Amino acid sequence: MAIIYHVKSNVFQLDGKNSTYLIGVYDNKFVTSLYYGKKLEILKPERLSVIRELGFSPSPNDYFYQRSVSLDTLPQECPSFGYGDFRIPAITIEQNDGSRCVDLRYKSYEILSEKPQITGMPSLRDDGNCDTLKITLKDELTSVEVDLYYNVYNDRDVITRHMVIRNEGNEEVRVTKAMSCSFDLRDNNFNFLQLVGTHCEERHIETTPLRHGITKIESRRTSSSHMLNPFMALLRKDTTEDVGEVYGINLVYSGSYEGCIEVDQRHTTRLQMGISSFDFEWPLKAKEQFETPEVVMVYSANGLNAMSLQFHDLYNDCLLKKHYHHPIVVNNWEATYFGFDEEKLDKLVGAAKGLGIETFVLDDGWFGKRNNDECSLGDWIVNKDKLPNGLQGVADICKKNGLKFGLWFEPEMISIDSDLYRAHPDYAIALKGREHLHSRCQMVLDLSRKEVCDYVIKAMSDVIDNVDISYIKWDFNRNITETYSKQLSHKYVLGLYYILETLTSKYPNIMIEGCSGGGGRFDPAMLYYTPQIWTSDDSDAIERLFIQYGTSLVYPPTTMVGHVSVTPNHQTGRVTPFKTRGIVAMSANFGYELNPQVLSEQERELVRQQTHEYKHLRKLIYKSDFYRLRSPFGGNDCAWSFVSKNKNDVYVMYVRILNAATNEFDWLKLKGLHPNRIYQNVETKEKFTGSELMNAGILLPRHPYDFNGLMYHFKVVKE
Ligand code: GLA
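Residues numbered from 1 in each chain as written. Predicted model: local features only at pLDDT ≥ 70, side-chain atom pairs only at ≥ 80, totals over all residues. Heavy atoms only, no water.

This brings us to the overall build of the protein chain. Along the protein chain, the regular secondary structure elements total 12 helices and 38 strands. Here the C-alpha atoms of the protein chain give a radius of gyration of 27 Å, agreeing with the 27 Å that 2.2 N^0.38 yields for 719 residues. Buried residues in the protein chain amount to 63% of all 719 residues. Put simply, of all contacts in the protein chain between residues at least 6 apart along the chain, 69% involve residues at least 24 apart. Surface exposure of the protein chain reaches about 27100 Å², of which carbon and sulfur atoms provide 51%. With 82 positive and 95 negative side-chain charges, the protein chain shows a separation of 3 Å between the mean positions of the two kinds. (Helix = DSSP H or I, 4+ residues; strand = E, 2+ residues; numbered from the N terminus. Rg over C-alpha atoms; globule rule 2.2 N^0.38 Å. Buried < 20%, exposed > 50% of the residue type's maximum accessible area, 1.4 Å probe, protein only. Contact = heavy atoms within 4.5 Å. Areas by Shrake-Rupley, 256 points an atom, 1.4 Å probe, with all protein chains shown as cover. Lys, Arg positive; Asp, Glu negative; His and termini not counted. Charge placed at Lys NZ, Arg CZ, Asp CG, Glu CD.)

If you want it as structure tokens, here you go:
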């Protein structure tokens with residue numbers, strides 16, 4: 001049992017594989033954060049619960065003569081606003097008399113052997129060795145109760161949390177802030193790491209010293225966003241990829257969110273994450289409840305790479321649905337944009353035949369009268385001018401060439417120039433009396449309304465039921481404005497999950513690739529439904545080094561999509577070798593974003609080699625340890641590797657960015673191998689011990705030009 005209740009000291013001990021989380025109940029009243037870090041054997045846990053008086057920190061009435069007791073200085077697991085704690089609250093509840101204060105006190109606990117699921121939102125599965133602690137707090141005056149859930153994965157260093165707010169009183173209250181987790185660490189000796197970006201430049205790593213006051217990441221876009229991924233980490237100042245403590249947290253949610261860190265006057269650090277409290281209010285009538293999304297907390301004592309391995313294994317085992325086949329695709333977006341017809345597709349798909357590509361994905365432009373991005377979203381009816389034999393005609397072309405068929409949708413959108421808008425203008429999110437706001441000339445369907453969600457399900461089902469498709473690319477190309485109520489944003493996200501839940505249950509064999517102008521909604525909740533995501537609209541191999549490296553901090557390579565596109569690259573104008581583009585794209589779910597007709601015979605041969613190699617590599621990507629070997633951030637090269645779980649099969653990808661005339665000796669050291677086994681380079685047949693590859697390294701060759709990419713494959717020949 002990984003959850004121990006120390007009766008005498010009233011302390012809950014949550015043990016992971018190498019970590020411990022201690023929760024106290026001070027004076028049987030206040031639920032406090034006592035410790036989070038390396039695994040502890042502790043004789044007197046109550047020793048960690050310390051109070052010291054501090055000026056200007058108020059005490060509750062029951063502590064009139066004990067000024068040292070203050071919610072402002074107690075480390076807390078569920079802090080609220082207005083009753084003594086001046087730091088950021090995890091929960092705020094407005095009452096009919098205008099008060100926003102609740103005095104949440106410990107009521108009871110329960111240890112559950114089943115991990116509870118969250119209603120209407122994705123959450124992680126139990127891995128068969130998971131225990132759950134539920135702590136209930138109560139505010140006497142309003143009878144509002146709060147359940148704090150802690151799911152402990154006993155064989156990992158992972159705790160997932162969420163909270164449920166229950167109105168057990170008789171009067172309506174309004175929840176205006178409800179974090180999925182909040183906890184206080186005992187010091188502030190940290191750096192702060194976040195994943196920042198923009199369209200075509202997602203999830204770049206940014207690390208800054210943690211300062212006093214509040215540090216915040218947030219999205220107000222009803223999307224987890226290109227700009228700030230719902231992930232943040234605290235790192236000890238000496239932490240690197242391989243050593244040092246890291247606390248990483250990631251929200252399983254696709255809408256507006258916030259992650260806050262506050263360093264207070266006593267230099268302690270509060271961390272919390274949940275739905276954004278900006279423009280949020282959720283009424284709770286008597287006996288109603290509100291559930292927050294789940295947050296994933298990972299602790300590593302051995303640097304960032306070890307944190308990432310925890311996230312990767314957890315998401316591969318307990319988040320992603322396993323039965324999907326992730327094919328090698330060719331997608332026509334950068335090949336044709338809107339300018340295609342059946343004849344052109346016939347040639348394009350025909351040219352893909354025999355190259356080892358498995359699926360053709362028809363991108364935007366096949367429906368309504370969509371020849372540009374100004375119309376037809378919502379009209380999911382095939383354009384017969386372009387495709388006279390309908391979608392089945394394209395499916396037949398694919399079949400004839402030995403490929404499967406995938407199709408692009410942007411289901412959450414509506415164009416003003418669409419039959420859908422003409423019939424149901426009210427389906428678009430809008431503000432009464434104000435002109436529409438457009439982004440990429442489109443508006444968003446109001447998924448907070450069930451009938452609109454049902455329209456989307458029906459429109460998509462009508463297409464899916466009538467054509468052989470095995471794959472959908474689900475796009476989302478704008479963010480949400482005109483949020484006409486404080487519930488809209490969260491209700492929208494719940495509507496989206498309802499649609500995705502319905503469609504993935506109805507069509508369990510169709511794999512959905514997520515997309516939002518590339519990686520604008522790359523979060524664990526989307527991954528639950530769309531197990532791979534088009535990682536960025538920037539397909540340039542060099543920019544992808546940064547994007548894929550940053551993404552790998554949290555998300556396993558199994559979730560990323562990389563395609564080889566033409567040069568000059570359509571986003572950056574950069575010219576990179578075909579081989580390098582392949583090496584970067586093969587580090588994810590692999591494919592091509594080009595018209596195979598434009599390939600030279602030499603390039604076609606390279607494609608055959610790449611798809612052949614990838615079919616072996618793919619098995620490894622799905623069950624391996626991913627090691628970051630060199631960071632492109634601040635460097636001039638990048639390297640990573642995939643090491644099979646039994647350590648016998650290893651792929652190493654290396655890209656040098658700009659070349660130099662100097663012929664230096666550059667040794668690339670590998671990680672995660674077995675030191676005593678003999679590894680053979682599959683291509684050159686040269687043999688090395690694991691310890692040599694890890695400690696002395698491989699001597700990299702002299703690079704012939706900029707953007708040189710290298711891939712090494714080692715296999716154990718002697719255990
Ligand atoms: C988004 C996607 C692209 C492509 C276009 C189509 O930008 O990220 O891959 O599908 O939409 O309009």
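For the rest of this paragraph, the subject is the packing of helix 9 (residues 541-551) against helix 10 (residues 578-585). Close contact between helix 9 and helix 10 brings their axes to 9 Å; oriented N to C, the two are set at 20 degrees. What the angle tells us is that helix 9 and helix 10 run roughly parallel. Note that helix 9 runs across helix 10; the crossing there is left-handed. For the pair helix 9 and helix 10, contact is made by Ala541, Arg544, Leu545 and Gln548 and by Thr580, Arg581 and Val584, respectively. In terms of residue class, the contact of helix 9 with helix 10 is made up of 3 nonpolar, 2 polar and 2 charged. (Axes fitted to C-alpha atoms, helices over the stretch in contact; angles between N-to-C directions. Parallel < 35°, antiparallel > 145°, perpendicular 65-115°, else oblique. Left-handed = near helix turned anticlockwise from the far one by under 90°. Nonpolar A, V, L, I, M, F, W, Y, C, P; charged D, E, K, R; others polar.)

Now for the sheet that holds strand 38 (residues 709-718). If you trace the 6 strands from one edge of the open sheet to the other, you get 31-32-33-38-35-36, paired in antiparallel fashion. In this open sheet, the two strands that pair with only one neighbour each are strand 31 (624-630) and strand 36 (687-689). Across the sheet, the mean angle from the axis of one strand to that of its neighbour is 25 degrees, orientation sign disregarded. The sheet contact formed by strand 35 (residues 678-681) and strand 38 spans 4 bridges and is antiparallel. Residue pairing across strands places Asn681 opposite Phe714, the latter belonging to strand 38. On top of the sheet, helix 11 (residues 601-621) reaches strand 31, strand 32 (637-644), strand 33 (649-656) and strand 38; it is set at about 110 degrees to strand 33, its chief contact. (Pairing = 2+ DSSP bridges.)

Pairing between side chains of opposite charge can happen when their charged atoms approach one another. Summed over the entire model, instances satisfying the criterion amount to 53 salt bridges. Lys400 is the salt-bridge partner of Asp346, the closest N and O atoms lying 3.0 Å from each other. Residue Asp346 is located in helix 3 (residues 342-352), and its partner Lys400 is located in helix 4 (residues 390-400); the two are separated by 54 residues in the primary sequence. For Asp346, a relative accessible area of 29% corresponds to the partly exposed category. Among the ionic contacts, a cluster of salt bridges with common partners joins Lys107, Lys138, Glu145, Asp147, Arg166 and Glu168. (Salt bridge = Lys/Arg side-chain N within 4 Å of Asp/Glu carboxyl O.)

Attention now moves to the side chain of Asp103. By secondary structure assignment, the location of Asp103 is in the loop between strand 5 (91-94) and strand 6 (105-112). A polar atom in the side chain of Asp103 sits 3.2 Å from the side chain of Arg105. (Polar contact = N/O pair within 3.5 Å; in protein donor to acceptor, adjacent residues only side chain to side chain.)

Let us now look at the sheet that holds strand 1 (residues 3-6). Sheets are built from strands that pair by backbone hydrogen bonding, the pairs being arranged parallel or antiparallel. With respect to topology, 4 strands assemble into an open sheet ordered 1-2-3-4, the strand pairing being antiparallel. Of all strands in the sheet, those bounded by a partner on one side alone are strand 1 and strand 4 (30-38). The sheet shows a mean angle of 15 degrees between the axes of neighbouring strands, taken without regard to direction. Of the strand pairs in this sheet, strand 1 and strand 2 (residues 11-15) are connected by 4 bridges, and their pairing is antiparallel. The partner of Ile3 across the bridge, within strand 2, is Leu14.

Moving on to the nonpolar core. In terms of nonpolar packing, the biggest core is built from 185 residues, with Phe360, Leu362, Trp366 and Phe405 touching the most fellow members. Each residue touching Phe405, except ones within four places of it in the same chain, is listed here: Thr359, Phe360, Leu362, Leu391, Val394, Ala395, Cys398, Val467, Asp468, Ile469, Ser470 and Tyr471. Grouped together as the second largest cluster of nonpolar side chains are 21 residues, Leu629, Leu673, Tyr679 and Tyr712 included. (Core = buried A, V, L, I, M, F, W, Y, C linked by side-chain atoms within 4.5 Å.)

Of all residues adjacent to the ligand, which total 13 residues, the nearest are Asp363, Asp364, Arg440, Lys473 and Asp537. Alone, the ligand offers 310 Å² of accessible surface; in the complex the protein occludes 96% of this. Taken together, the residues that form the shell around the ligand break down as 4 nonpolar, 3 polar and 6 charged. (Near = heavy atom within 4 Å.)

Moving on, we come to the packing of aromatic side chains. Evaluated as defined, the whole model comprises 41 aromatic pairs. When the ring of Tyr21 is compared with that of Tyr36, the centres are 4.8 Å apart and the planes differ by 70 degrees; the resulting orientation is edge-to-face. In this pair, Tyr21 sits in strand 3 (residues 19-26) while Tyr36 sits in strand 4, placing the two residues 15 residues apart along the sequence. Since its relative accessible area comes to 2%, Tyr21 is described here as buried. Considering the side-chain rings of Phe30 and Tyr63, the 6.2 Å spacing of their centres and the 45 degrees angle between planes classify their relative orientation as tilted. One end of the pair, Phe30, is in strand 4; the other, Tyr63, is in the loop between strand 4 and strand 5, and 33 residues separate them in sequence. For Phe30, a relative accessible area of 1% corresponds to the buried category. Taken together, the ring pairs in this structure connect Tyr21, Tyr36, Tyr150, Phe183, Phe190, Tyr247 and Tyr299 into an aromatic cluster. Its guanidinium or amino end placed over the ring of Phe340, Lys386 lies 4.5 Å from that ring's centre, counting from NZ or CZ. A cation over a ring is seen here: Arg544 above Trp534, with NZ or CZ 4.7 Å from the ring centre. (Phe/Tyr/Trp six-rings, centres within 6.5 Å; stacked < 30°, edge-to-face > 60°. Lys NZ or Arg CZ within 6 Å of the ring centre and 35° of its normal.)

As a further point, take the side chain of Thr530. If you trace the backbone, Thr530 turns up in the loop between helix 8 (524-529) and strand 28 (532-534). Thr530 gets classed as buried once you look at its relative accessible area, which sits at 0%. The contacts of Thr530, once residues within four sequence positions are left out, are Ile512, Glu513 and Gly514.

What follows is about helix 11. The terminal C-alpha atoms of helix 11, which comprises 21 residues, lie 29 Å apart, in line with the 30 Å expected from a rise of 1.5 Å per residue. Along its length, helix 11 shows its largest kink, about 35 degrees, at Lys615. Taken residue by residue, helix 11 has Arg604, Val607, Gln610, Thr611, Tyr614, Leu617, Arg618, Leu620 and Ile621 as its buried positions. (Expected span 1.5 Å × (residues − 1). Bend = angle between axes of the 7 residues up to and from the residue.)

Turning our eyes to something else, we now look at the pairing of strand 9 (residues 158-167). Strand 9 sits mainly inside the fold: 10 of its 10 residues count as buried. Inspection of the sheet shows strand 8 (residues 144-153) paired to strand 9 by 10 bridges, in the antiparallel sense. Note on strand 9: the bridge partner recorded for Tyr150 is Arg161. Joining the antiparallel neighbours strand 8 and strand 9 is a turn of 4 residues. Here 4 bridges tie strand 9 to strand 20 (residues 294-300), and the two strands are oriented antiparallel to one another. Each residue of the ladder has a partner; that of Val158, found in strand 20, is Val298.

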